[in-house]
Amino acid sequence: MVKPVITGRTKLVGILGHPITHTLSPAMHNAAFAALGLDFAYLPFDVRPEELKNAVAGIRALSIVGVNVTVPHKETVLDSLDVVTEAAGLIGAVNTIVNHDGRLTGYNTDAIGFLKALEDTGFDPRGKEAAVLGAGGAARAVGAALGMSRIRRITFFNRTLERAKELAQMVAGATGVQSTAVPWEEMGKSGMSIIRSADIVVQTTSIGMHPREAECPPVPADAFRKDQVVVDLVYNPAPTRFLKRAAAAGARTQDGVRMLLHQGAAAFELWTGRPAPITVMENALKTAQAASQVAEHP
Ligand code: ATR
């Protein structure tokens, strides 16, 4: 690959997060810019929580075209923006900012990224039943996405039941989809039949993510079934122990790389106005992911 050359005309984009060393987004976006011959560069910015407001002011001050926002800033960043899209407001989280002449708009491309990734599996949510593990920011994007695509019912399992109840209320109120909250520990007991009858199971928590690869949500192996779609949003490692367990039971599985890809593609299109080169981005992601896994397990 030709190394990008930074000039006085290069447009800057990047990602705000803390920590940020594990991000795969620079590899994905810089490969896309190079493939389309766009004079853009994507940089990682390690922003401590107490510096977030200054960092956002810096987007305006430095005429940065836009940024992605990741853990732990996706929710707190809303207060520093000029406009937030309806979907991002509903989800309560922003993962992409666009700078229109100093006016900052917050978007959430996680929801659309999740739906696009789901399309890749051939799954159509209309009229189906979903079980979602978790009720944090990622679960809110998944819940909103499934609600907007007319799924029939969603059950949220969460350790903090109150959070799952709030999320279920948000989804039911905004989309009219039947939504309920169930305690996390019920997953292996009375909640098992909910998981078994679900057409799709989505794991949105950080369980199983590096360096906790050995961990797995307490879903009994026989709660999964053939033809069920099981998605884990974790992409490091991919697949997780959870996903391997589902695959062993015959479920159709998808790891978090595809959602990462599609949320990135949507952000790319917002910043550049050009269709994202999906295959280029996917290859760059896979290469960066393999390199980071080798670096962690040499
Ligand atoms: P994100 O934006 O990535 O979703 P988050 O908002 O911090 O991050 O949410 C993390 C989710 O993982 C939550 O659902 C959290 O459960 P709580 O709401 O009870 O905190 C869940 N989670 C994280 N570690 C967990 C663990 N060890 N057991 C069960 N749930 C866990």
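Note that the structure is a prediction, hence the values are computed from the model and not measured. (Residues numbered from 1 in each chain as written. Predicted model: local features only at pLDDT ≥ 70, side-chain atom pairs only at ≥ 80, totals over all residues. Heavy atoms only, no water.)

A separate point is the overall build of the protein chain. Along its length, the protein chain carries ten helices and twelve strands. Relative to the 2.2 N^0.38 estimate, which gives 19 Å for 298 residues, the radius of gyration of the protein chain is 19 Å and therefore close to what a compact globule would have. Dimensions of the protein chain, computed from the C-alpha atoms along their principal axes, are close to 60 × 45 × 35 Å. Classification of the 298 residues of the protein chain by burial places 48% in the buried group. Contacts in the protein chain between residues at least 24 apart in sequence constitute 68% of all its contacts with a sequence separation of at least 6. In the structure as shown, the protein chain presents an accessible area of about 13,600 Å², 55% of it carried by carbon and sulfur atoms. (Helix = DSSP H or I, 4+ residues; strand = E, 2+ residues; numbered from the N terminus. Rg over C-alpha atoms; globule rule 2.2 N^0.38 Å. Buried < 20%, exposed > 50% of the residue type's maximum accessible area, 1.4 Å probe, protein only. Contact = heavy atoms within 4.5 Å. Areas by Shrake-Rupley, 256 points an atom, 1.4 Å probe, with all protein chains shown as cover.)

For soluble globular proteins, the rule of thumb is that nonpolar side chains tend to be buried together. Of all hydrophobic cores here, the largest spans 31 residues; its most connected members are F114, L146, I154, F156, I200 and V231. Only helix 4 (109-121), strand 7 (129-133), helix 5 (137-148), strand 8 (153-158), helix 6 (161-175), strand 10 (200-203) and strand 11 (229-232) provide two or more residues apiece to this core. With six residues, helix 5 is the largest single contributor of residues to this core. Among the domains, domain 1 (11-108 + 258-296) and domain 2 (111-255) are the pair contributing at least three residues each to this core. Residue contacts for I200: discarding those within four places in its chain leaves L118, F123, E129, A130, A131, I151, V229 and V231. (Core = buried A, V, L, I, M, F, W, Y, C linked by side-chain atoms within 4.5 Å. Domains from an automatic or database assignment.)

This part covers the side chain of H73. In this structure, H73 sits in the loop between strand 3 (66-69) and strand 4 (83-84). At 2.7 Å, the side chain of H73 and the backbone oxygen of V47 are in polar contact. Ignoring any residue separated from it by four or fewer positions in sequence, one finds H73 in contact with L16, G17, H18, V47, R48, P49 and L52. (Polar contact = N/O pair within 3.5 Å; in protein donor to acceptor, adjacent residues only side chain to side chain.)

Moving on, we get to the side chain of T205. Its place among the elements puts T205 in the loop between strand 10 and strand 11. Within the structure, the side chain of T205 is placed 2.6 Å from the side chain of Q203, a separation counted as a polar contact. A polar atom in the side chain of T205 sits 3.1 Å from the backbone nitrogen of I207. In this structure, T205 is in contact with L133, G134, W184 and V234, ignoring residues within four places of it in sequence.

Moving on to the sheet that holds strand 8. The pairing of strands in a sheet happens through backbone hydrogen bonds and is either parallel or antiparallel. Spatial strand order, 9-8-7-10-11-12: six strands in an open sheet with parallel pairing. With partners counted over all chains shown, the strands left at the sheet margins are strand 9 (178-183) and strand 12 (252-254), one partner each. Taking the axes of each pair of neighbouring strands and ignoring which way they run, one obtains an average angle of 15 degrees across the sheet. By the bridge criterion, four bridges tie strand 10 to strand 11 in an arrangement that is parallel. Note on strand 11: the bridge partner recorded for V201 is V230. Running over the sheet, helix 4 touches strand 10, strand 11 and strand 12 and is turned about 145 degrees from strand 12. Sheet contacts for helix 6: strand 8 and strand 9; angle to strand 9, the most-contacted strand, approximately 175 degrees. (Pairing = 2+ DSSP bridges. Axes fitted to C-alpha atoms, helices over the stretch in contact; angles between N-to-C directions.)

This part takes up the domain arrangement of the protein chain. The accessible area lost on association of the parts is a frequent measure of interface size. Looking at the protein chain, the domain boundaries give domain 1 (11-108 + 258-296) and domain 2 (111-255). The straight-line distance from the C-alpha centre of domain 1 to that of domain 2 is 25 Å. Listed by partner, the interface residues are 15 residues for domain 1 and 21 residues for domain 2. When domain 1 packs against domain 2, close to 1,600 Å² is buried across both sides, 62% of that on carbon and sulfur atoms. When the area that domain 1 buries against domain 2 is broken down by residue, the three leading residues are L90, I91 and M259, summing to 37%. (Buried area = accessible area lost by both parts, 1.4 Å probe.)

Looking now at the pattern of salt bridges. In this structure the tally under the stated criterion is eleven salt bridges. Two residues, D82 and R60, come together in a salt bridge whose shortest N-O distance is 3.3 Å. Taken together, the residues D82 in the loop between strand 3 and strand 4 and R60 in helix 2 (residues 52-61) connect sequence positions 22 residues apart. A salt bridge links D227 to K226; the nearest nitrogen and oxygen atoms lie 3.9 Å apart. Here the salt bridges share partners, and the residues they tie into one network are D120, R258, E282 and K286. (Salt bridge = Lys/Arg side-chain N within 4 Å of Asp/Glu carboxyl O.)

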